[in-house]
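Coordinate analysis (summary)
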Amino acid sequence: MMDPATSVSNPTVDSTATSQEDRALFTPLNPDYPDLVKLRDVLDSHNFNVEGIERTYQIPLPVLLSEPFYQVLWRTREETSLDLLVRLFLEGERISLAKFETIVEATGLEPWVECGLVRVDGSSVSAVVELFPFRGLWMTFDFKPHYTQPLSNYYVMGVASSTKTLSEITIRQPYEKVLDLGCGSGLQALLCSNHSEFAIGIDQNPRAINLAKFNAALNGITNVEFRQGDLFQPVEGEKFDLIVSNPPYVVSPPSDWIFRDGNRKDSEREGDAFCQMVVKEGAKYLNEGGYLEMLANWVHPREENWKVRLRGWFDDTECDAWVMQAGEQSSPNYANLWIKDTTSEANRKATFDQWMEYYESLKVDRISAGCIVMRKRSRADNYFCLEKMPDKWAKNAGNTIQRAFLFLDMLAKTSDEELLDTAFCRSPNIRLTQYLEPQENSWGLVQNQIRVMDPLPSRADMDSVAMALLTQCNGDLPVRTILEGICEGLKAEWEEVLPAGLAMTKGFLQRGLIWPPEHQEAPSEIAEKGFGASGSEEPDMKQQRDTL
Ligand SMILES: C[S@@+](CC[C@H](N)C(=O)[O-])C[C@H]1O[C@@H](n2cnc3c(N)ncnc32)[C@H](O)[C@@H]1O
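Conventions and cut-offs
Residues numbered from 1 in each chain as written. Predicted model: local features only at pLDDT ≥ 70, side-chain atom pairs only at ≥ 80, totals over all residues. Heavy atoms only, no water. Pairing = 2+ DSSP bridges. Helix = DSSP H or I, 4+ residues; strand = E, 2+ residues; numbered from the N terminus. Axes fitted to C-alpha atoms, helices over the stretch in contact; angles between N-to-C directions. Contact = heavy atoms within 4.5 Å. Near = heavy atom within 4 Å. Polar contact = N/O pair within 3.5 Å; in protein donor to acceptor, adjacent residues only side chain to side chain. Areas by Shrake-Rupley, 256 points an atom, 1.4 Å probe, with all protein chains shown as cover. Nonpolar A, V, L, I, M, F, W, Y, C, P; charged D, E, K, R; others polar. pLDDT = per-residue confidence, 0-100. Salt bridge = Lys/Arg side-chain N within 4 Å of Asp/Glu carboxyl O. Buried < 20%, exposed > 50% of the residue type's maximum accessible area, 1.4 Å probe, protein only. Core = buried A, V, L, I, M, F, W, Y, C linked by side-chain atoms within 4.5 Å. Domains from an automatic or database assignment.

**Focus: the sheet that holds strand 6 (residues 175–181)**
Taken in spatial order, the eight strands of this open sheet run 8-7-6-9-10-12-11-13, and their pairing is mixed. With one partner strand each, in any of the chains shown, strand 8 (224–228) and strand 13 (384–388) form the two edges of the open sheet. Across the sheet, the axes of successive neighbouring strands diverge by a mean angle of 20°, strand direction being ignored. With five bridges joining them, strand 7 (residues 196–203) and strand 8 adopt parallel strand pairing. Bridge pairing in strand 8 links I202 to R227. Together, strand 10 (286–301), strand 11 (319–330) and strand 12 (364–376) form the strand contacts of helix 16 (residues 331–342), whose direction differs from that of strand 11 by roughly 85°.

Below, the structure is given as C-alpha cells:
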C-alpha cells in the first residue's frame with residue numbers, strides 16, 4: 001500500500017499538514033490503480049447510486065445529505081450494504097472491517113485500500129475521501145471540514161450549488177475540445193467529456209488534479225486529461241470550443257484557501273480580478289463561435305458605475321456577452337454570508353472586521369453574483385446583455401441559453417421592417433396569470449404576470465400592451481397586424497406604439513417567450529442523457545455562499 005506521508009507527488013502538500021486531520025486530507029489516491037471501474041461496479045451493485053439511495057430512503061439525495069449525521073445514522077440503522085456505504089462514504093463514519101469485506105467481496109478488500117479510498121484501522125474501515133454519486137458519475141472529494149480547525153489550503157470541495165449551477169447552464173452540444181478552468185474534483189470536465197471529443201481540466205491545486213484523475217479512472221473516462229498550473233498556463237497556445245469555469249470568485253481578503261480565494265495574495269488579483277482575468281484571458285483561448293461559461297462575483301466600487309465597469313471586462317474580447325445577475329448584497333452582508341459557516345464563533349468578529357477593512361481599502365460597498373456566458377464572434381458588432389438571472393435553473397438551461405444567442409443572431413440580421421412582417425409563435429413554456437380585484441358589480445384587472453416555466457424559469461409583471469402583443473403571437477399574425485390592432489384599441493398613433501412594440505418583440509424573442517416561425521424545439525439528447533439518470537435536484541439552485 002502507498003504510504004500517504006511519502007507518496008504525495010507534490011511534497012509541498014504534505015509539508016503544510018499540521019494536524020492529524022489535515023494530514024488525512026492530503027492522502028493521495030492512486031488513479032493508476034488497475035481496473036478502478038470494478039470498484040464503481042461494486043458500488044452500483046449495492047445501489048449506491050442516486051436512484052438506489054432515493055428509492056431506498058424515499059427522499060431526494062440532497063435532502064438526505066443536508067440531514068444531521070445522527071438522523072442519517074438512524075435512517076441507516078439496519079446496516080444493510082447500502083446503509084453501510086452511505087455511512088462510510090457520505091457521512092465519513094467508521095464501519096466494521098468484516099462487514100465491509102462482505103460488501104466488497106467481488107473485488108476483495110485490497111484494491112479499495114491500495115487505491116487509497118479507504119483506510120483500515122484494526123477492526124474498522126474509514127473513508128479517506130467522500131464518495132458521492134452525481135449524474136451517473138461517482139465523484140471523490142474531501143469531506144467537509146470542521147471550521148473549528150484551520151481549513152487546509154489543499155481542500156478539494158465537493159458538489160456545491162455553484163457546481164450544479166455551472167453544470168446546468170453548460171451548453172451541451174458536441175464539441176471537439178473543452179476546457180474546465182479550476183476543475184477541482186473534475187466534475188465539469190467529466191460531464192463535458194460525455195459530449196466532446198476531448199476535455200481538459202486545469203487547477204492550481206495538486207490535490208485537485210490527483211482527485212480529478214482518480215475520478216476519471218473510477219468512472220472509466222479516458223477522453224479527459226487533468227493538468228496542474230495557474231490560470232490558463234497549462235494550456236498555453238491551445239484553443240477550445242467550450243470553456244467552463246467555476247472560479248474562486250469570492251471577494252475576500254488574502255487567504256490560503258485556494259479553492260475559494262484563488263491567490264488573492266497576489267496584488268494583481270485583488271477584489272474581483274480573478275473573474276475579470278478569466279473573462280479577458282479566456283476569450284483568447286476560444287475558437288471562433290466557441291462559448292465560455294462561468295460563474296462570477298463582481299464589485300460595485302463606490303466611485304464608479306458598476307455596470308459600466310463590468311461592461312469594460314468584455315472590451316477587446318471579440319465576444320458577445322450575456323451576464324445574468326443573480327443578486328447583489330451590501331459588503332457587510334456579503335462578508336457575513338461567507339464568514340458565518342467558515343469561521344469559528346470565537347474568530348468571527350475579528351474576521352468580519354478584517355473583511356470590512358479590505359472592502360474599505362477597495363472602496364467597495366456592494367458585491368454582485370451571477371453567471372457570464374460569452375461567445376467568440378470576431379470582426380463583428382458584439383452585443384452585451386446584462387439582466388437578472390432566472391429564479392431557478394433547470395438541468396438543460398444551457399440549451400435555452402444557446403437558443404437566446406441564436407435568436408440574437410437572427411435579430412442582428414433582421415431589419416425592423418422584416419421583424420414587423422414576421423408572424424412569431426408563442427413559446428409553449430409560458431404561463432400567464434391575471435390578478436383581479438372585486439369592484440362594484442364585477443372584477444377589475446390589477447396585474448398581469450408572466451411565468452416562464454422550464455428551462456429558465458422566471459416571473460415578471462406585464463402591462464396590458466405587452467400582454468396583448470404576446471398573447472396574439474400565434475404564428476399567423478405578423479407583428480405589424482398585432483400592433484395595428486393595439487393602436488386601434490388604445491386610440492393611439494402608430495408612431496407612439498411602434499418603438500415600444502419593436503422593443504418588446506425583440507425582448508420577447510431574446511428571452512425565448514416567442515419563437516421565429518421556423519424554430520423547432522427538439523429536446524437535447526445530450527442534456528437528457530447525461531451519464532445516466534440524475535435523480536432529484538435541490539429545490540433552489542441559486543448560486544450564493546456555496547463553494548463549501
Ligand atoms: C470554486 S472551486 C470549483 C471547483 C469545481 N470546478 C466545481 O465546479 O465544483 C474553484 C477551483 O479553482 C481552483 N483554483 C484556484 N486558484 C486557481 C488558479 N490560480 N489557477 C487554476 N485554478 C485555480 C481551486 O483549486 C478550485 O478547485
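**Some details on the site of the ligand**
Contacts to the ligand come from 21 residues, most closely from T163, G182, D203, D230 and L231. Measuring from a nitrogen atom of the ligand, one finds a side-chain N or O atom of D230 at 2.6 Å. Within the side chain of N246, a nitrogen or oxygen atom sits 3.1 Å from an oxygen atom of the ligand. Isolated, the ligand exposes 590 Å² of accessible area, and the fraction of that covered by the protein chains is 98%. Split by residue class, the shell around the ligand holds eight nonpolar, 10 polar and three charged.

**What about the sheet that holds strand 3 (residues 124–127)?**
Here we have three strands laid out as an open sheet, ordered 1-3-2, and antiparallel in their pairing. Either end of the sheet is taken by a strand with one partner, and the two such strands are strand 1 (95–96) and strand 2 (118–121). Sheet strands in contact with helix 7 (residues 81–90) are strand 1, strand 2 and strand 3, and its direction is about 55° off that of strand 3.

**Here's the deal with the side chain of N215**
In this structure, N215 sits in helix 12 (residues 206–218). Not counting residues up to four positions away in its chain, the partners in contact with N215 are W138, M139, T140, S185 and L190.

**Considerations on the confidence of the model for the protein chain**
Reading predicted coordinates in detail is not appropriate for stretches of low pLDDT. Residues with a pLDDT of 70 or more make up 85% of the protein chain, whose mean pLDDT is 86. Within the model, pLDDT remains below 50 along residues 523–548, and this stretch shows 86 contacts once partners closer than five positions in the same chain are excluded.

**Some thoughts on the pattern of salt bridges**
Applying the stated rule across the entire model yields 23 salt bridges. With its nearest N and O atoms 3.1 Å apart, the salt bridge here joins R94 to D121. In this pair, R94 sits in the loop between helix 7 and strand 1 while D121 sits in strand 2, placing the two residues 27 residues apart along the sequence. By relative accessible area, R94 is classed as partly exposed at 49%. The class of D121 is partly exposed, set by a relative accessible area of 43%. One salt bridge connects R366 with E328, and the closest N-O pair in it is separated by 2.6 Å.

**Considering the nonpolar core**
Ranked by size, the top nonpolar core spans 126 residues in total, and within it F48, F89 and W112 carry the most contacts. Sort the elements by how many residues they give to this core and strand 10 lands first, with eight residues. Both domain 1 (11–141) and domain 2 (161–329 + 367–411) contribute no fewer than three residues apiece to this core. Listed in part, the 27 residues of the second largest apolar core include F407, L420, F424 and L513.

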